[in-house]
Each structure stands twice: as structure tokens, then as C-alpha cells.
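Each chain, letter by letter, is given below.
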Number of protein chains: 2
Amino acid sequence: MTSKRQMHLGAVPYGTGGPGSHTLWLDPEIPGDASVDIAWYVEMARLAERGRFDLVFIVDSQFITPNSPPHYLNRLEPLTLLSALATQTEHIGLVGTATTSFNSPFNLARRLGSLDLISGGRAGWNVVTTGDAGTAGNYGLDDHYDYETRYGRASEFIELAQALWDSYEDDAFVRDRTSGAFLDRGKQHRLDHDGKYFKVRGPLNLVRSAQGHPVIFQAGDSEQGRDLGASLGEGIFTHAADIGAGQAFCDDLKTRARAKFGRRPDQLVIMPGIKVVVGDTDQEAREIEAYNNDRDHTFDAALGEFGRPFGWHDFRQYDLDAPFPADVLAYGERSFYTRARAITQQAVENRWTLRETVESTRQFHRGEFVGSAQTVAAKLIEWWEARACDGFNIGIDHPSNFRRVVDEVVPILQERGAFRADYDSTTLRGHLGLPIPANRHTERREAVDEAV
Amino acid sequence: MTSKRQMHLGAVPYGTGGPGSHTLWLDPEIPGDASVDIAWYVEMARLAERGRFDLVFIVDSQFITPNSPPHYLNRLEPLTLLSALATQTEHIGLVGTATTSFNSPFNLARRLGSLDLISGGRAGWNVVTTGDAGTAGNYGLDDHYDYETRYGRASEFIELAQALWDSYEDDAFVRDRTSGAFLDRGKQHRLDHDGKYFKVRGPLNLVRSAQGHPVIFQAGDSEQGRDLGASLGEGIFTHAADIGAGQAFCDDLKTRARAKFGRRPDQLVIMPGIKVVVGDTDQEAREIEAYNNDRDHTFDAALGEFGRPFGWHDFRQYDLDAPFPADVLAYGERSFYTRARAITQQAVENRWTLRETVESTRQFHRGEFVGSAQTVAAKLIEWWEARACDGFNIGIDHPSNFRRVVDEVVPILQERGAFRADYDSTTLRGHLGLPIPANRHTERREAVDEAV
């Protein structure tokens, strides 16, 4: 039985600002402290839930300086935030970013498992290895781990968390009030994991949720990042410049998943992060975009954030009109290296000045998905039908704009049969069409039973 | 100005079971999976809030075996749980247990700071060093830290967290929509802590909440534990066998606080954990207590939990009627050693058998606070007036009983002027009469200004 393919939608609340947008908080509809205001997040999550979105997606960072852009300066820890949202929403998936570089597997598996239970099976984990190298200083290290260690830890960490989530088989708790039996002790399993990076005894003191395990999201775009996504990722957050780039990425990732890891392509839900601007007409939408870009995505803002992939290297020290200083790539080695390398290569190939290179990063904000509700919906469907993606993570920048996405674009997607008219599942796995993973111990037992 | 002394009340939801009570889940009013059921916790927290309690208090443990008593087997991570409660309650303080032995200061300060912001300044942190030695195995260690390391880490960890919470002065965020100024950069402070156990750069990417810092709770009863409480604790969770023991403990702790650490005695709020049973008459309450003790606090349950202070040593292997095997104390060295030593000493002094020793631990459940609502209220006031405590942490065992505490005992306390008739504060510090700590950087600046 194959069910009809459905588009998947995530909402990414920016709070006081987002990528390249340092002045979002000037919008009078956005509280100046939105990034720590739970009422604001509740409002945005409920709005996305009204639009039948699959999930809200909370990004993160943990390294700041006095020069950091506004939205980095002050933000709630993602899983703590999502737990508060869990009791204020009913259906929408709750995906939070947490790093495998500066957490312990037992702690994090426990927190994610708790969120999954509290939300009735709606938790997702956006696995990152931390690109901001300076974060290491907040965790007692002089330098961030090298790439190999970062990805080695990530992959061992995820598998370890999944094993911990299987500590109890689903029928382990008998709770028979007549006999007084509480636990079937044979269905509690310790782990005794002793790996390259981690050693964990277990068991985890938590049952599984309605969806079995939290959904694993992943975003890395390096070779190691893509392999991690293809092997263990279930949701993929990515960026795609155009429909062709989206198709190439999807094809690469799903081919890797199948060829290298023996997975089914539909076990990977690929959702690029996009920016949407809705107007009454295409012309009006372009005008709104231009106005917002002038205000939110200034050259100064772009320059202020430009250093992030290069370990927050300060580019204000260079002559803007001299050739791009290509040796800065060294600063990116333990940061967002893939991105730093791509920027550097492009600058060198095109013989750009620093100014031209910074300008080129602003192009991200000149969008595909800008127009009337009809135009935007058609574009979303075009990408999705062309298999440039399985859905989209839509940034919530200006609330008035996101309200138009929910109230005007989503109904068209629904009308065209591309998107659910109502939730037909209670879990995030259900929304995304992902299977509930079998408990490894039950599976093993059943395999033995069959063999007998 | 001195405000009238007020009694403080905390509620400790047991879920499926509590100390020495392994069969609480047999109560049909308690869901069999209460310890992972958010609706259950919301109901209990709201009940306590209806009673104008200062706080709910969430205990914790992270080490289990198939033989662990029911309430250890399966429980939500405390801070994740409390964040979900934060948006379901309005006034009540939210105190969660987290260990300094198996967490990173930056992560935990961030999570507690986030909970404090989400709850509008209602967060408290019950600092533990982890008594269950086996927990170490879940964090890559073969053995738990020794006492000196445990308490050295705890004290450095708390001061580090408090310093991180001061990363921003209260007026650091300008957010001037006219000028576009967002942050007063001189009011963001990094830490560059390089201590015996931890190295943390900072700053923390979070503003302070309405109460400045989460309230520090502490419960250790060893010499080191008492010193930690006297130096850094603001709320103290303890146990007192009788009014005299309570007075001696309060006197000791408040004297230490003043003499050794120069603190004011009212900056320490001491709240022993107690068990309350309310009946229509004293006689009926005694009958309920006896019935519950027979059912909940059986000898088998006591024997099953008896090993906890001794590193969950299994006492079922010994002859119950032989003398207490005093050399088991060695198993307690990296666990709840103070408790293990007290039990062992008492057994040796009284020449008890193992059976008699286990029996003696059941006496905890034969309570002082058992009787009609009038009797219980009078007893609470007697302890509080005698300064055997500043308030009580009342266990929520049977909900029907806790409802009588809220609906029958609390009104008498209110009538007698011992307990608030309504909340007159929005923060946990406000409820407890604790001052908002000044931001160390602002204080320093003001001191300099005054000196000029």
C-alpha cells in the first residue's frame, strides 16, 4: 500500500531576527525581546498549527560577542522552549536543535525522550555538531573538535540515543493492580555501550513515546554531513538556490541513503529553508520584498554576519574594494567550513572584491517564493512535484507575512491536494509519513521466535 | 522594614510512588504511568497553586536496575517537565533537581535561565551531587567522584552558573526603534572562568529573569552538604524526625551561614520534607495512616529500597535475623554516605538485626502530621513558630489526601495569619521572601560611581 505523496511544511520562528536580518525587531508587531518571550513563540506555533504545518523548527547558537547580531545575543534553550510549547499546542511537531559536540548522550536522550512523552510523540531533534567554533570555550575546550571528531561523535551519539530510547519494550510495564506486578523485568534492557567517543551503561529511565523515537533532523552539507544525513537523518534541513540545485541535492542524498546505507528514499524527508513573501499581486510582493530587503538585509547587516562561517572572523578590518582575502578560509576550518569554502571559491573564481562577495550573500534574500498567494503556491508545488524537495521550512520573519502564508497560500495547496486539509495523525512521524522504529529488543525476540 | 514572617509550603508530587512507597500506583486515582504523564503533573501543580503553595519540587534519579522500585524506573527529566508546567500555571514556583556531577555549567545555566524566563521568574534549582553512585556509569565513568570532588564541583558550579546569569546587566538591551540601537555593548560581560573543575568563557546568551537568578535549593546533610547549603543555598530541603531535631538543624545551618559565610539567617528558607495525613478526626487519620502504611510501606518495599544509601547494595542476600552486617558501610562511600553511616551506627549501637534496622527506616512513615485538619494545622504552626523550620515540603502521595491539605488545612493556616491568603508576588523569590541578587557588574559600576 502506498499512500499519496504529501507536501511537508515546517515553520522557523526567527524571533528578533534571522539569517542576514538584523533589524526584524523594528517591526512593531515583533516584541523587542521576542527571542526570549514564550508568549510570542506560543502565538507563532499556534499560527503554524492553524495552518496544519508539520512542525516548528527551533535553530540555535551558543557563542556570542558584543558584536553578534541581535538574534544571537539572547535566546531560549531550544528543548526547554519546546517543552513549554508542547502543552500549548496539540498537533504540530516540535523540532529542536541540540549539539552532539557539547552534550552527554544520556542527558540529551533523556531530555528528548521526555519532550517526546510530554508532547505525545511530537518531538524531533535537529542534530548539529556546532559550527560556531568559539562555543568550545564555553565547554572547557581551547579549540573546537576537528571535522572527523565532530562527525564521529555525532554518528555514535545518535545511535546511542536511539539505543537508549529502546531501553524498555513497549509492553514492559505490566501495572497489574490485581497481582501488584509493575514491570516485566525481562523487558528492561541495559546498554553497556563502550564506543570510540562514549561509554554509557543504561538503561534510560524512560518509556518510549507514541512515535517510538524522536525524529532525527540533520542539516550539514559537507561530505560527512551528507553521509550522516543519508545514514541516520529522517528530516533534512537544507538550502537550495534554485529548483535544479534542489533536485541535485535530493537525488544525491536519496541515492546515498539507498546505495550506501540500504534505506528507502521515502525515509528521508528533505525540506529546504525558504523565505516567502506574499502580496496582493506579484508586483506588490516584489515591492514588499525590496522594502524589507532594504530595511532588514542591509549591506552592514550582511557584513556583520558574513564572518560566521569563518569562525566569526571580523571582516570590517579589510578594504571592501580590495580583492577578497582568500587566506581567511583558514579561520573556517573548525567552523562552517563547507560554506566558508564555497564563498571563498566563488570569490576567487569571479575575482570579486570583498564588497562584491558580501553582496553575493545578500542574493539569498531575493527569493523564488515571492508573489501573490497563487504564484507562491504554484512555485511551492512546482518544486515539490519536480522532486527538488519533499516540503519546505518557511522562515517566520514578519508575522503579517506568515499570516498570509497560513491564510492564503496553504488553502490553495490544500485545494490542489498537495497538503493536508486537517491533521490525520497525532505524532510528528505520522505527519511526515515516517515509520515508527521497531524496538530492537522486541524485534530480536520476534526474529528468534520465528526462527524456532 | 521587616515584613511579617510567613510559612512557606512546597508540594512534592510522587507520581507512581515515593520514598518507601512502592505501591502508590495501586491507588485508582493515580495513573499507572503518572511519573511520565504530563496531565497528571499539571493537575497536581494546579492543585498546589489553588492552595497558594510557594512551589512544586521535582526530585530525580538517573540510575536503575530491573529491581529498582517503580518510581525510579520511568520518570520525566525534571527541567523539561517544569518547562511544560510553566505555561500551565501562573504563580507557583518550579523547583527542579539537577546534578552538578554530570552536567556542564554552561548547558545547565542556560536551561535553568530559560526556565526562569519562560515562567516569569519562578524557577528554582535543587542542586544535588548525585547519591546513586551507579549513575556515573551512564556518563562514561567507572566510579562516581569522591566526596571532596563532588562538593568541590558543586560549589564551583553554582557560583559559575550565577556568574553566567549576570552576563547581561538588566538595562543592557536598549532596543530603541528610533535610533536602531539594540544592545549597550558595555553591559554584556564575558566570564573567562578558569577554576579547579571548570573552564568557561561566556557570556551566556540570556538576559536575567524578573527574579534575577533561579533560587538555589540544596539538600545534602553531610558536613560538606551543610556547608554548601549555608554558603550558597537559599532553600533547604531536609528531614527532621521531631521538633527538637528540626530546631537543632535550623540553628546549626543558620549559625553556619552567619558565622562562616556572613549571610543573614532569613536568606535561608528551611523546609523539611514531611508526610501529612488528614482525617475527619485524629482517630480516623491514624487509621488511614495505618491502612496506607500496611499497603504502601510494606516491609518488602522498605527492604527493596533499604540498599539505596549503600549504592543500591542488595540486602536480600543476608539473613534478616542475624546482626546488621556493619561492613556494608563501605558500599556507601560514594553514595548517600551520611545516611548510610547514620543507619549503620544506629544498628550497631542498638545491636539490631537487619530486620530491626529495616523496620526502623519504616518509622519515617509514622508521622507527626497526622490528624484532623485542625490538628495538622496546629502541628505545622507549632514547628514553624518554634523555628524548627521556615515551612514544609509536603509529599503528594494520595491525591485525595493532598486535596484535604489544600482545602482543609491551608484555610486554617491562612485564618491564623501564618500563610498567605493570596499570592502577593509573581516570582519564587517573592514568595520565599528572598532578595533579588544584584547584578555583580552593575553593583561594581555603582560602587565605582559612589567612590568617585
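What you see is a predicted model; the values in this text were computed from it and never measured.

Reading the values: the criteria
- Residues numbered from 1 in each chain as written.
- Chains lettered and ligands numbered in written order.
- Predicted model: local features only at pLDDT ≥ 70, side-chain atom pairs only at ≥ 80, totals over all residues.
- Heavy atoms only, no water.
- Helix = DSSP H or I, 4+ residues; strand = E, 2+ residues; numbered from the N terminus.
- Buried < 20%, exposed > 50% of the residue type's maximum accessible area, 1.4 Å probe, protein only.
- Contact = heavy atoms within 4.5 Å.
- Axes fitted to C-alpha atoms, helices over the stretch in contact; angles between N-to-C directions.
- Parallel < 35°, antiparallel > 145°, perpendicular 65-115°, else oblique.
- Left-handed = near helix turned anticlockwise from the far one by under 90°.
- Nonpolar A, V, L, I, M, F, W, Y, C, P; charged D, E, K, R; others polar.
- Phe/Tyr/Trp six-rings, centres within 6.5 Å; stacked < 30°, edge-to-face > 60°.
- Least-squares fit on C-alpha atoms with pLDDT ≥ 70 in both.
- Expected span 1.5 Å × (residues − 1).
- Bend = angle between axes of the 7 residues up to and from the residue.
- 1 Å grid on protein atoms, 1.4 Å probe; cavity = no way out; pocket = protein on both sides within 12 Å on 5 of 7 lines; lining within 4 Å.
- Points joined across faces, edges and corners; volume = space filled by probe spheres on them.
- Buried area = accessible area lost by both parts, 1.4 Å probe.
- Salt bridge = Lys/Arg side-chain N within 4 Å of Asp/Glu carboxyl O.
- Polar contact = N/O pair within 3.5 Å; in protein donor to acceptor, adjacent residues only side chain to side chain.

Right, let's talk about the environment of E90 of chain A for a bit. Residues and elements named next belong to chain A. By the element assignment, E90 lies in the loop between α3 (78-86) and β3 (93-99). Relative accessible area serves as the criterion here: at 62%, E90 is assigned to the exposed category. Note: C-alpha distance between E90 and D422 (332 residues apart in sequence) is 13 Å. Discounting chain neighbours no more than four positions away, the residues touching E90 are E49 and R122.

The subject of this paragraph is the packing of α3 of chain A against helix α4 (residues 105-118) of chain A. All names here are of chain A. For the pair α3 and α4, the least separation of the axes is 9 Å and the interaxial angle reads 15°. In terms of axis orientation, α3 runs roughly parallel to α4. Between α3 and α4 lies a crossing whose hand is left-handed. On the side of α3, the interface is formed by L79, T80, L82, S83 and A86, while α4 contributes L108, R111, L112, L115 and I118. By residue class, the composition of the contact of α3 with α4 is seven nonpolar, two polar and one charged.

Using the criterion set out here, one finds 48 aromatic pairs over all chains in the structure. Ring geometry for F157 of chain A against F198 of chain A: centres 5.4 Å apart, planes inclined by 85°, an arrangement best described as edge-to-face. Here F157 of chain A is found in helix α5 (residues 147-165), whereas its partner F198 of chain A is found in the loop between β5 (193-194) and β6 (199-200), with 41 residues between them in sequence. The exposure class of F157 of chain A is buried, given its relative accessible area of 0%. With a relative accessible area of 9%, F198 of chain A lands in the buried category. Judged by centre distance (4.6 Å) and plane angle (55°), the rings of F57 of chain B and F237 of chain B are tilted. Highlighted residues: F57 of chain B in strand β2 (residues 55-58) and F237 of chain B in strand β8 (residues 235-238), separated in sequence by 180 residues.

Below, the discussion takes up the relation of the copies chain B and chain A. Relative to chain A, chain B is turned by 180° and slid 0.0 Å along the rotation axis, the superposed coordinates differing by an RMSD of 0.0 Å. The superposition operator between the copies reduces to a two-fold rotation axis. Identified as the residue of chain B closest to the rotation axis by C-alpha distance is A84 of chain B, at 2.2 Å.

Residues and elements named next belong to chain A. The terminal C-alpha atoms of helix α13 (residues 399-415), which comprises 17 residues, lie 24 Å apart, in line with the 24 Å expected from a rise of 1.5 Å per residue. Its axis deflected by about 35° at V409, α13 carries its strongest bend there, up to four residues before the proline P411. Listed as buried for α13 are P399, N401, F402, R404, V405, V406, V409, V410, I412 and L413. Taken together, the buried residues of α13 touch β1 (8-13), α1 (38-50), β10 (276-279), α8 (282-296), α12 (373-385) and β12 (391-396). Once α13 ends, the next one or two residues include G417, with phi positive near 75°.

Tallied over the full model, the rule gives seven cavities of 30 Å³ or more. Approximately 90 Å³ is the volume attributed to the largest cavity. In terms of lining, the largest cavity is formed by P13, Y14, S35, Y41, I58, V59, H71, R75, L76 and L81 of chain A. Residues belonging to the lining of the largest cavity are distributed by class as follows: seven nonpolar, two polar and one charged. Roughly 70 Å³ of internal volume is contained in the second largest cavity. Forming the boundary of the second largest cavity are N107, R110 and R111 of chain A together with D60, Q62, E77, T97, A98, T99, N103 and R111 of chain B. Those elements that place two or more of their residues in the lining of the second largest cavity are α4 of chain A together with β3 (93-99) of chain B. Split by residue class, the lining of the second largest cavity holds one nonpolar, five polar and five charged.

So, about unusual backbone geometry. Glycine aside, the phi torsion of most residues is negative, and most peptide linkages are trans. Note that the residue after G202 of chain A, namely P203 of chain A, is joined by a cis bond; omega there is -5°. Mapped onto the elements of the fold, P203 of chain A is located in the loop between β6 and β7 (215-218). Positive phi, close to 45°, is recorded for R175 of chain B, a residue that is not glycine. Counting through the fold element by element, R175 of chain B comes out in the loop between α5 (147-165) and β5 (193-194). When its relative accessible area of 25% is taken as the criterion, R175 of chain B is described as partly exposed. Of note in the backbone geometry, W312 of chain B takes a positive phi value of approximately 55° without being a glycine. Take W312 of chain B: it is sitting in the loop between α9 (299-306) and α10 (337-349).

Let us now look at the interface of chain B and chain A. The interface is formed by 69 residues belonging to chain B together with 69 residues belonging to chain A. Here chain B meets chain A over a buried area of about 5,900 Å², counting both sides, of which 54% is carbon and sulfur. The largest contributions to the chain B side of the interface with chain A come from W25, R110 and R177 of chain B, which together make up 12% of the buried area. Where chain B packs against chain A, one counts four salt bridges. Run the count over chain B and chain A and you get 47 residue pairs in polar contact (both at pLDDT 80 or more). Within the residue set of the side of chain B that touches chain A, elements represented by two or more residues are α2 (70-73), α3 (78-86), α4 (105-118) and β6 (199-200) of chain B. With eight residues, α4 of chain B is the largest single contributor of residues to the side of chain B that touches chain A. Of the residues belonging to the side of chain B that touches chain A, the class tally is 33 nonpolar, 22 polar and 14 charged.

Before going further, it helps to examine the packing of α5 of chain B against helix α6 (residues 223-232) of chain B. Residue and element names in this part refer to chain B. Interaxial distance between α5 and α6 falls to 10 Å at its minimum, and their mutual angle equals 10°. Classified by the angle their axes make, α5 and α6 are roughly parallel. Here Y147, Y151, A154, S155, I158, E159 and Q162 of α5 come into contact with α6, specifically with Q224, G225, L228 and L232. Residues of the contact of α5 with α6, tallied by class, amount to six nonpolar, four polar and one charged.

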